[in-house]
Structure formats: structure tokens, C-alpha cells
Amino acid sequence: MLHLAELSRLSISEEEIEPLKKDLDSIVSYISQLNELDTDGVEPTYQCFDMQNVWREDEIQEFEAKREDLLALAPESEDNQIKVPKVL
Amino acid sequence: MKIADKNTKAVDLVKAALAKAEEYKDYNVFISMNAEAALKKAEEIDQKIAKGEEVGKLAGVPYALKDNYSSHEGNTTAASHILDSYHSPITATAVAKLEAEGAIMIGRANLDAFAHGGSTENSYFGPTKNSADDTRVAGGSSGGSAVATALDIVEFALGSDTGGSIRQPASFNGVYGIKPTYGAVSRYGVVAMASSTDTMGCFAKKAEDVDLVMSIIAGQDKKDSTTLPDYWTKKLDEVQPSKKKIGLIRDCFGEGIDPEVNKIVRAYGDKLKAQGFEIEEFDMPILKYGLAIYYVVQPAEVASNLSRYDGIRYALRSKDAKNLDDIYTLTRSEGFMKENKRRIMIGNFVLSSGFYDAYYLKAQKARTLLINAYNEAFEKYDALLCPVAPTPAFKLGEKTSDPLTMYLEDAMTVPASMAGLPALSIPAGKTEAGLPVGAQLIGRAQSDQLLLNIAKQVEEGEK
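Positions within a chain are numbered from 1, following the residues in the order the chain's sequence is written. Lettering for chains starts from A, numbering for ligands starts from 1, and both go in the order in which the items are written. Under the rules for a predicted model, residues below a pLDDT of 70 receive no local features and side-chain atom pairs below 80 are neither given nor counted, while totals for whole chains, interfaces and linings still include all residues.

Draft legend 1. Representation of the overall build of chain A in the model. Only runs of H or I of at least four residues qualify as helices and only runs of E of at least two qualify as strands under DSSP, and these elements are numbered from the N terminus. Of the regular secondary structure elements, chain A holds three helices and two strands. In chain A, the succession of α and β elements from N to C terminus is α-α-α-β-β. Only C-alpha atoms enter the radius of gyration, while the globule expectation follows 2.2 Å times N to the 0.38, with N the number of residues. Whereas a compact globule of 88 residues would reach a radius of gyration of roughly 12 Å, chain A reaches 23 Å, over 25% beyond that. In terms of overall dimensions, chain A has a C-alpha envelope of 55 × 45 × 25 Å along the principal axes.

What follows is the structure, encoded as C-alpha cells:
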């Protein structure tokens, strides 16, 4: 549970572990019924309509939002850059 | 639908909608109102009308916008704490198209946070109440949009449907709700949930109104490469069924289905018969696995899509964060609702290297079998009929303690989503206690307008 939480970048308190484990157990046991299905030789479907990649010229296009609008969204910024705590 | 013209002022339409929103405040339909901007737009439209200028197909029509659509008006919160301060710098394509036709957004409607849920109880801003009984849930996740339409606050509302989020609240509140074919409407600017099944649709009270709104928002968009070439282009009456035959999915009328729902949806089948359709019962045993497929694939896509909320570039950043890891972990832990966290964890579980084949790959293979079963059915039928949800609206709080019981609500809506098919929730009647019940018509890809035409025929037959 704690490993899964860490992978998900979520912190879970002691009190949360048991109820969450119970919920996830019941969900996993429900989805496990897929094992009853014979899927040998069946191709998986990742998207329904067999779409092909859409290409376009690699050209700069106008974007509706301005750079300063996007920077203004950041919780912290300085000198036109988004600020985060020191990493190294 | 009432459109502004020389006799009907847009300002009056907007004022009436705002007054109704105020009257029904206790239902908690809206997360934020857009009164000032809406009135200003209405005035502009009235001025244009006075000058005889072009004002668009939805001139002055007030609408409610599910709060997961981006626009410059108000914050796009997705009913979550992590985005409650987020003011979007972009406008969703669907919104831009509506605005270009003169429609006026009066408020941002409540939803389950990030559209995760079937009751609108998972909202950071509290639950929305059912329009027919305020002790019951609105359904979800587009609960606010459905209730806004049902209470006649607005004549239409936008929603999004990934596994039933338009259809089920439409059923619970007695209005039409359409989940279009995957790719019919651009997803650009809508907060992503599960990208392979996310669709954008609407609520309205008449089939023709649904068609009008959808014909405006549908269409290919360079900003969403999954959009299909334009096909929502016909007049409803031009779209006729070729077989005049509808398949009633017998598997959806058995155990676990409320007897009143069963009766009302079958009675809708009789109304179709009265319009000259042949109704044939058939079995689709693979449907039993539809929900399990969905609750593997959808959380996997959710986990991936929600990884962008990291506290770095926009919206919430935890005040307690001291290092980079803290920013990610604390921000996400504070900002997501419990249900968001469950889905992220399930998603990361089914995608993890040890379990990928057993769950994710298995589900995607089962998805192929499901699609094959639909294809087989559409060789015989124009459309398929089944309930939208196993029960009418349940009590507030009734299903919040056990997530799996809440998931079971989606059992009859998720299969069409997994196959990308259009599905329409049609107000079909009421239980003895006065709770609305919807019937669901599912069609082959791009047959959205046919479903609406069929519903319209029944609507007119009842006049």
C-alpha cells in the first residue's frame, strides 16, 4: 500500500491505510473476474476507431495564451521562471 | 428553445435564468456564477439585434457549463481543491463554438471532482441535490448540469461522459443527456479524465434541442487529433433507420435491476413499437464484464492524466512543502479527493510491471470482445435499448461508504463508452414515488443523430 502510494506521489496517514486497503482489495477482486474470459489470440483495443497519427508541419503557431499569462499561473515565479525549492 | 430576437430580449432570458439559479440555490447546482459577464454579453446581443446584425443560432440562450471545461470566465476547478484557484488561460473548443453562436454561460456547474463519481457527492464544494427529491443524489458526475436543466434554470447544459457521467444524471433528473460517438466533439480545453473514452455532450429537454447544441459543438478540431471528420451535419428528419428494428438487451433487465426501472424502460420499448419499430430481445453475455473492463482501463488513464497535477506550474502548491518531493506529494494529498486517490492508486497498480499483463492487457483484450459483440448486434438492429442505471436516484450518503457499490451504478453505461459508441439517455417515465427514470438507446458509431431522431419520433407520438 505504502509503495503504491509512493508511486502515486500521495501520502497516506496511518488511519487511512486500513480503510483504503479494504476499498482497493474489493475493487481488485471485482476486476479479477476478467480472468474468467478466454482472451487467447485476441488483439487488445487501446482506442476504438483505429485512428492514425495526425501530422502537421513543424511550424510555430500562435497560441491563445500569452507567456506572461502562463507564468502568472505558477504558485511561485521569479525572473520569468517558475520557482521550486533547491533540488541538489 | 427560446432564442433572442426582436421580441425576446437576451437580457431578459439571462435575468430569468439567474433569478431561477438564485431560487434553487439550496440544490447546490453551481460552483460559481457568471452573472456580470453574462448580462454584459446579453446586452451586446440585444444591441446587435436592434441593429439587425447576425447574432447566431443560440443568441442569448443561457446555459450551464460543467466546471471541467476551461474558459476565461471564472475558475475551472473540476470541483477539486487542487484546481480551485485555477483561472484557465484557454477556452475549450466546445465553449468557443457555443459563444460564437451567441449562447451565454451563466454559471459553472458542480460535478464529482475530476468527474470521478456517479452522484456529485465527491465534489470539494459539496453534493448537488436531485431535482425531483432533495434528499436524493443528482447523479454524476455531471450532476449540476443535469439539475440545472431539469429545474429549468437553463434550457441546456454541457457535460462530459467518460463512463456514464452525462447519461446517469440525465436519467436521475428526467432530461435528455447524450454521450456522443468518441471523437464527435473536441476534448480540447476539458480537464482530461480517461482519454480513450472521454466525450463531450449536453443535456436538454427536447431531442431537437440536443441536436441543435450538438450540431454546433461537434466537428473536427486541429487541437484534438482524435476528432472525427465532420458528420453531425444533417437535419434530424433526414436520418432514418434502415431496419426499423431495435434490440432489447435482455442481460440488462435481470438481477439487480429495480423492478420499476425494468417496467418503465420496457414501456419505452412499447412506445417504440407504436412508432413502427420491431423490438427483439437478445443476449449480450459479455456485458457482464463491461464494468470490470472499465475499472481497469479508466483508472489506468486517470492515473496517467492526473500525474500532471504536481504543484509546480499552476494552481495549488502545498504551503508545507519544503522540498521538491514534498511539493508533489503534499500538494496531491491535500488537493485530491479520496475517490481521486483511489483511482490513481488502482491505475498505478494495474499498470505496474508485475500486474500489467494480468489486468491492463487482459482488460484491453476483453474490450475487443465487447466491441465485437456490439458489431454483431448492429448487423441486426438500428439501435439497442436498455436502462441507463439499475435504480432511480438513491439517497444522499447511501453509497458513499463503499466505492464498489457506487461503481455498480455505471454497469449499463460503461460498455458503450468502452466501444466509443453514441448513447442517449431519454426521459422515459417516473416511479410511483415520482423519481425520473431514463431509457438508454445505443447506436453504431456516428449514428448519434439517428438515436435523436428515434427519440423525437416517440416524443412527437406522445403529444
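Draft legend 2. The arrangement of the sheet that holds strand β5 (residues 176-179) of chain B in detail. Residues and elements named next belong to chain B. Overall, mixed pairing links the eleven strands, which are arranged β1-β3-β2-β4-β6-β5-β10-β11-β9-β7-β8 in an open sheet. Bordering the open sheet on either side are β1 (30-33) and β8 (278-282), each of which pairs with just one other strand. In this sheet, adjacent strand axes meet at a mean angle of 30° when their direction is disregarded. Strands qualify as paired when DSSP identifies two bridges or more between them. Note that β5 and strand β10 (residues 423-430) share three bridges and pair antiparallel. Bridge pairing in β10 links Ile178 to Leu424. In this description, a residue-residue contact is defined by the distance between C-beta atoms placed from the backbone, which must lie within 7 Å. Under this scheme, a helix contributes an axis fitted over its contacting stretch, all axes are lines through C-alpha atoms, and angles between N-to-C directions fall in the 0 to 180 degree range. Its contacts with the sheet put helix α4 (residues 143-150) on β1, β2 (62-66), β3 (104-109), β4 (156-161), β5 and β6 (199-204), and the angle it makes with β4 is roughly 155°. Sitting on the sheet, helix α6 (residues 207-217) is in contact with β4, β5 and β6, with an inclination near 145° to β6.

Draft legend 3. View of the interface of chain B and chain A. Each side of the interface is counted separately: chain B has 51 residues, and chain A has 38 residues. Only α8 (290-305), α9 (324-335), α10 (338-351), α11 (356-380) and α12 (403-408) of chain B provide two or more residues apiece to the side of chain B that touches chain A. Per-element accounting of the side of chain B that touches chain A gives the leading share, eleven residues, to α11(B).

Draft legend 4. Structural detail: unusual backbone geometry. B:Ser141 follows B:Gly140 through a cis peptide bond whose omega is 15°. Structurally, B:Ser141 is set in the loop between β3 and α4. You will see that A:Asp50, though not glycine, has its phi angle at about 50°, which is positive. Here the C-beta atoms are placed from the backbone, and a residue counts as buried if at least 20 other C-beta atoms lie within 10 Å of its own, exposed if 12 or fewer do, and partly exposed otherwise. C-beta crowding within 10 Å serves as the criterion here: with 6 such atoms nearby, A:Asp50 is assigned to the exposed category.

Draft legend 5. Spotlight on the pairing of strand β7 (residues 245-249) of chain B. Residues and elements named next belong to chain B. Pairing between β7 and β8: five bridges, direction parallel. Paired with Ile246 across the strands is Ile279, a residue of β8. On the question of chirality, the crossover connecting β7 to the parallel β8 by way of helix α7 (residues 259-274) is right-handed. For β7 and strand β9 (residues 383-387), the ladder comprises three bridges, and the chain directions are parallel. By definition, the crossover connecting two strands over a helix is right-handed if that path, from the first strand to the second, turns clockwise as seen with the strands pointing away from the viewer.

Draft legend 6. Up close: the pairing of β9(B). All names here are of chain B. The element β9 is extensively covered by neighbouring structure, given that five of its five residues are classed as buried. Where β9 and strand β11 (residues 436-443) come together, five bridges link them in antiparallel fashion. By the bridge assignment, Ala383 is partnered in β11 with Gly443.

Draft legend 7. Seen up close, the nonpolar core. Counting residues in hydrophobic clusters, the biggest one holds 160 residues, and the most contacted among them are B:Tyr63 and B:Val296. A total of ten residues in this core trace back to one element, the largest contributor, which is α8(B). Beyond its immediate chain neighbours, meaning those up to four positions away, B:Val296 contacts A:Ile31, B:Val350, B:Tyr359, B:Tyr360 and B:Ala363. Each nonpolar core reported here comprises buried Ala, Val, Leu, Ile, Met, Phe, Trp, Tyr and Cys residues connected via C-beta atoms within 7 Å.

Draft legend 8. Representation of helix α2 (residues 14-31) of chain A. How far a helix is expected to stretch is found by multiplying one less than its residue total by 1.5 Å. For α2(A), built from 18 residues, the straight-helix expectation of 26 Å at 1.5 Å per residue is met to within 8% by its first-to-last C-alpha distance of 26 Å. Residues of α2(A) that are buried include every one of A:Leu20, A:Asp23, A:Ile27 and A:Ile31, and no others. Contacts made by the buried residues of α2(A) are with α8, α10, α11 and α12 of chain B.

Draft legend 9. The arrangement of the environment of B:Ala113 in detail. Residues and elements named next belong to chain B. Here Ala113 lies in the loop between β3 and α4. Linking Ala113 and Leu83, residues 30 residues apart in sequence, is a C-alpha distance of 9.7 Å. Ignoring anything within four residues of it in the chain, the contact list for Ala113 reads Ala78, Ala79, Ser80, Asn122, Ser123, Tyr124, Met337 and Asn340.

Draft legend 10. Up close: helix α3 (residues 93-100) of chain B. Residue and element names in this part refer to chain B. When α3 is considered as a whole, its buried residues turn out to be Thr93, Ala94, Val95, Lys97 and Leu98. The inward-facing, buried residues of α3 abut β2, β4, β6 and α6. Positive phi shows up at Gly102, right after α3, with a value of about 90°.

Draft legend 11. Region of the structure containing the confidence of the model for chain B. The predictor attaches a confidence to each residue, and that confidence, scored 0 to 100, is pLDDT. Across chain B, the average pLDDT comes to 97, with 100% of residues at or above 70. Among the prediction metrics, the complex's ipTM stands at 0.95, with pTM recorded as 0.97.

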